[in-house]
Amino acid sequence: MEAIVKRIILEIKQGDEQAFAELVELYKDKVYQVAYRMVGNAHEAQDVAQEAFLRAYTNLDRFDTNRKFSTWIFRIATNVAIDRLRKKKPDFYLQDQVQGSQDLTYESQLAASDDLPEEQIVTAEMQEWVQGEINRLPVKYRTAIILKYLEDLSLKEISEIMDLPVSTVKTRIHRGREALRKRMRHL
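Before going into details, it helps to say that this report is about the structure given with it. Given the structure is predicted, the values throughout are model-derived calculations rather than measurements.

Check the secondary structure of the protein and you find eight helices and zero strands. For the protein, the α and β elements follow one another from N to C terminus as α-α-α-α-α-α-α-α. Counting the 187 residues in the protein, one finds 35% classified as buried. For the protein, the share of sequence-separated contacts (at least 6 apart) that also reach a separation of at least 24 residues comes to 55%. Per element, the accessible surface of the protein, about 11800 Å² overall, is 50% carbon and sulfur.

Under the counting rule described, the total for this entry stands at seven aromatic pairs. Among the aromatic residues, those joined into a ring-pair cluster are Tyr-27, Phe-63, Phe-69 and Trp-72.

Counting residues in each nonpolar core, the largest one holds 45 residues, and the members touching the most others are Leu-23, Tyr-27, Val-31, Phe-69 and Ile-73. Elements with a minimum of two residues in this core: helix H1 (2-13), helix H2 (17-39), helix H3 (42-58), helix H4 (69-87), helix H6 (139-150), helix H7 (155-162) and helix H8 (166-185).

Take the packing of helix H5 (residues 117-135) against H6 next. Direction vectors running N to C along H5 and H6 enclose 140 degrees, while the axes themselves pass 9 Å from each other. By the angle between their directions, the pair H5 and H6 is classed as oblique. Here Gln-131, Ile-134 and Asn-135 of H5 lie close against H6, whose contacting residues are Arg-142, Ile-145, Ile-146 and Leu-150. Residues belonging to the contact of H5 with H6 are distributed by class as follows: four nonpolar, two polar and one charged.

So, about the environment of Ile-161. Along the chain, the position of Ile-161 falls in helix H7. Between the alpha carbons of Ile-161 and Ser-70 there is a distance of 9.6 Å; along the sequence they are 91 residues apart. Setting aside residues up to four positions removed in sequence, Ile-161 forms contacts with Thr-71, Phe-74, Arg-75, Thr-78, Asn-79, Leu-147 and Leu-153.

Inspection of every chain in the model, using the stated rule, returns 16 salt bridges. For Glu-51, the salt bridge is made with Arg-84, and the minimal N-O distance between the two is 3.0 Å. With Glu-51 in helix H3 and Arg-84 in helix H4, this pair connects stretches of sequence that are 33 residues apart. Taking the shortest distance from any N to any O, the salt bridge between Asp-64 and Arg-67 comes out at 4.0 Å. Note on Asp-64: relative accessible area 34%, which makes it partly exposed. Classification of Arg-67 by relative accessible area gives partly exposed; the value is 48%.

Next up on the list: unusual backbone geometry. In this model, Asp-152 sits at a positive phi of 55 degrees, which is unusual for a non-glycine residue. Topologically, Asp-152 is positioned in the loop between H6 and H7. For Asp-163, which is not glycine, the phi dihedral falls at a positive 55 degrees.

Once that is clear, we can look at H2. Each α-helix turn comprises 3.6 residues. Residues three or four places apart therefore point the same way. Of all the bends found along H2, the most pronounced is centred on Tyr-27 and spans about 50 degrees. Elements that come into contact with the buried residues of H2 comprise H1, H3, H4 and H6. A distance of 3.1 Å separates the backbone nitrogen of Gln-18 from a side-chain oxygen at the start of H2, and that oxygen is part of Asp-16. Looking one or two places after H2, you find Gly-40, whose phi comes out positive at around 70 degrees.

Contact geometry of H7 with H8 gives a least axis separation of 9 Å together with a crossing angle of 100 degrees. With respect to their mutual orientation, H7 and H8 come out roughly perpendicular. Packed against H7, whose contacting residues are Leu-155, Lys-156, Ile-158, Ser-159 and Met-162, the element H8 presents Val-166, Val-169, Lys-170, Arg-172 and Ile-173 at the interface. Of the residues in the contact of H7 with H8, the class split is six nonpolar, one polar and three charged.

Parameters and conventions
Residues numbered from 1 in each chain as written. Predicted model: local features only at pLDDT ≥ 70, side-chain atom pairs only at ≥ 80, totals over all residues. Heavy atoms only, no water. Helix = DSSP H or I, 4+ residues; strand = E, 2+ residues; numbered from the N terminus. Buried < 20%, exposed > 50% of the residue type's maximum accessible area, 1.4 Å probe, protein only. Contact = heavy atoms within 4.5 Å. Areas by Shrake-Rupley, 256 points an atom, 1.4 Å probe, with all protein chains shown as cover. Phe/Tyr/Trp six-rings, centres within 6.5 Å; stacked < 30°, edge-to-face > 60°. Core = buried A, V, L, I, M, F, W, Y, C linked by side-chain atoms within 4.5 Å. Axes fitted to C-alpha atoms, helices over the stretch in contact; angles between N-to-C directions. Parallel < 35°, antiparallel > 145°, perpendicular 65-115°, else oblique. Nonpolar A, V, L, I, M, F, W, Y, C, P; charged D, E, K, R; others polar. Salt bridge = Lys/Arg side-chain N within 4 Å of Asp/Glu carboxyl O. Bend = angle between axes of the 7 residues up to and from the residue. Polar contact = N/O pair within 3.5 Å; in protein donor to acceptor, adjacent residues only side chain to side chain.

See the structure below:
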């Protein structure tokens, strides 16, 4: 995979704009997932992902080809998401009703599983609750928790994305976990 990415990046640097479309195609879903988990809003996540790819394109000359492109683009997306979260307070939540609809929530638009309807409701409520608790964490802990447990990245990758030492990442994950544990005990 990395060999393909390096070839595509070389083509982009040589002026092949179409090659960037290939790069976007390879990473768009994962970048969107990171953005969505960070901002909790589909439209905002699309904007974050788009801005991340634009920043990657304009700064491609700074990319170190000895490193993984995925780590670099995730770091950009994470930084864009954090910037947006700092600039604005949430204006709606997953349990809010979709405008122009009756009894339709944003949460109900998430992909359904093959579970029974009752199990789907319990699972959705639990996920909503956990995501809500994650969203209440300070951004520095939320970012570490999302990248570790929802995106399943290694400590080293998280360290590179957050531009922090691995020991600091471990501390933030631990503190984020502890904060979640305390919040969940009291509810």
